[in-house]
Amino acid sequence: MITIKEIAEIANVSVGTVDRVIHNREGVSKKTREKVQKILTAENFKINNIARSLAMKKKYNISVLIPDFDVDNLFWESPSLGISKGAEEVISFGVEVKKFTFNQLNKVSYLESFQKLIDSNPEAVILTPLFLNETKIMVAELDKKKIPYIFLNIEMQGFNNLSFIGQDSYKGGYLSGKLMHLCTEKKATYLITDIESKLHNNNVIEGRVQGFYSYFNKNNIPFESVSLNFEDLNNLEQVKQQLKQVFETHKNISGVLVPSSRISTISSCIDSEKLKELSLIGFDTTQQNVTFLKNDKITFLISQKSFNQGLKSVKILTDYLIQNKIPQQKVYSPLEIITKENLEFSQQEKWHYIDSKKYNSL
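The structure displayed is predicted, hence computed values, not measured ones.

### A short note on the sheet that holds strand S1 (residues 60–67)
The sheet built from 6 strands is open, its strands ordered S2-S1-S3-S4-S5-S11 with parallel pairing. The two strands at the open ends of the sheet, each matched to only one other strand, are strand S2 (95–102) and strand S11 (330–332). Each strand of the sheet is rotated relative to its neighbour by a mean of 15°, with strand direction disregarded. In this structure, strand S3 (residues 124–127) lies alongside strand S4 (residues 149–152), joined through 3 bridges in parallel fashion. Bridging across to S4, Leu127 finds its partner in Phe151.

### Overview of the packing of helix H1 (residues 4–11) against helix H2 (residues 15–22)
Closest axis-to-axis distance for the H1/H2 pair is 8 Å, and the angle between their directions is 105°. With respect to H2, the axis of H1 lies roughly perpendicular. Taking contact as the criterion, the partners of Ile4, Lys5, Ile7 and Ala8 in H1 are, on H2, Val15, Val18, Asp19 and Ile22. The residue inventory of the contact of H1 with H2, partitioned by class, reads 6 nonpolar, no polar and 2 charged.

### Brief notes about the pairing of strand S8 (residues 253–257)
The buried count for S8 comes to 5 of 5 residues, which makes it a mostly enclosed element. By the bridge criterion, 4 bridges tie strand S6 (residues 188–194) to S8 in an arrangement that is parallel. Following the sheet pairing, Leu191 is matched in S8 by Val256.

### Notes on the sheet that holds strand S10 (residues 300–303)
Spatially, the 6 strands line up as an open sheet ordered S7-S6-S8-S9-S10-S12, and their pairing is mixed. Each end of this open sheet is capped by a strand with a single partner; those strands are strand S7 (223–229) and strand S12 (336–338). Going from strand to strand, the sheet's axes swing by 20° on average, the running direction of each strand aside. Of the pairings in the sheet, the one linking S6 to S7 comprises 7 bridges and is parallel in character. Directly across from Ala188, in S7, lies its bridge partner Phe223. Where helix H11 (residues 236–249) meets the sheet, it contacts S6, S7 and S8, and its direction lies at approximately 155° from that of S7.

Parameters and conventions
Residues numbered from 1 in each chain as written. Predicted model: local features only at pLDDT ≥ 70, side-chain atom pairs only at ≥ 80, totals over all residues. Heavy atoms only, no water. Pairing = 2+ DSSP bridges. Helix = DSSP H or I, 4+ residues; strand = E, 2+ residues; numbered from the N terminus. Axes fitted to C-alpha atoms, helices over the stretch in contact; angles between N-to-C directions. Parallel < 35°, antiparallel > 145°, perpendicular 65-115°, else oblique. Contact = heavy atoms within 4.5 Å. Nonpolar A, V, L, I, M, F, W, Y, C, P; charged D, E, K, R; others polar. Buried < 20%, exposed > 50% of the residue type's maximum accessible area, 1.4 Å probe, protein only.

And the structure:
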């Protein structure tokens, strides 16, 4: 791209004169202004808003509200890491990213963390809208304060969010149905677990289940399904007993769909001999899921590249704040089928970032 200095040389004027024309300031004759403007138009010159914001030393604060994670449920670690990488990349543009976490099973924690976020006076917000009614309260305040916000990972309709960044859950479920059909008999019985959707209106889970059923129904493929609800995945003995009972009652089950990131937990609770008879399909490349995939205890994982979701959310809001670039209304993540054979070639940006953090901590 042509520089201000080069334009000044072409017009045979000073750099200061070109700068005054660009920013429509006084002190330039009409003839000179027209000459410089003609060159600017011919060269398709555009102001570098990022450089200008640095020169003005303008600072921005992006605040993020995201669930916390633990050793038993690591899904949110991945988008959180992506946000951290994004924060490192945009800090040189005068953008500071602050993370606020909450207990994903606790509505009070959700609201309390949001209040801390608001107190930080953000210019923009990345929000994981986990609880519907509480989210309505939050976005009403954001709208009132005219704070732009985007939804991360979980899509909700009827709000004024600039964008949604995440997986098309229906298509993810549809893909899981196609994979399951390829793995099993012409007419099969599938076990579909329900873990999180009843806890906090998680329409991601519901969308995947709907997509799974749609694959078979739209293609007129006969199948039967058995649903199994788990109230507490931390009580592994109870989970084992529930699974044992359903397999004894429905001996022809040949596939198990876990429409969340907890498939490794379910797999660990299935008898090893029974596991050999089953095709298991789940979502997300958490550390536990990857380990079970490598050990042939999971057939397929469907990745939504949640690390990239976090990274992209930061970049999208940075572009909006600095360059006034309006994002797409929906930014869907790719649906990536992961097997143990292609695992090492998947999500390399995420693994490189994790490795670099480990190296820097030595």
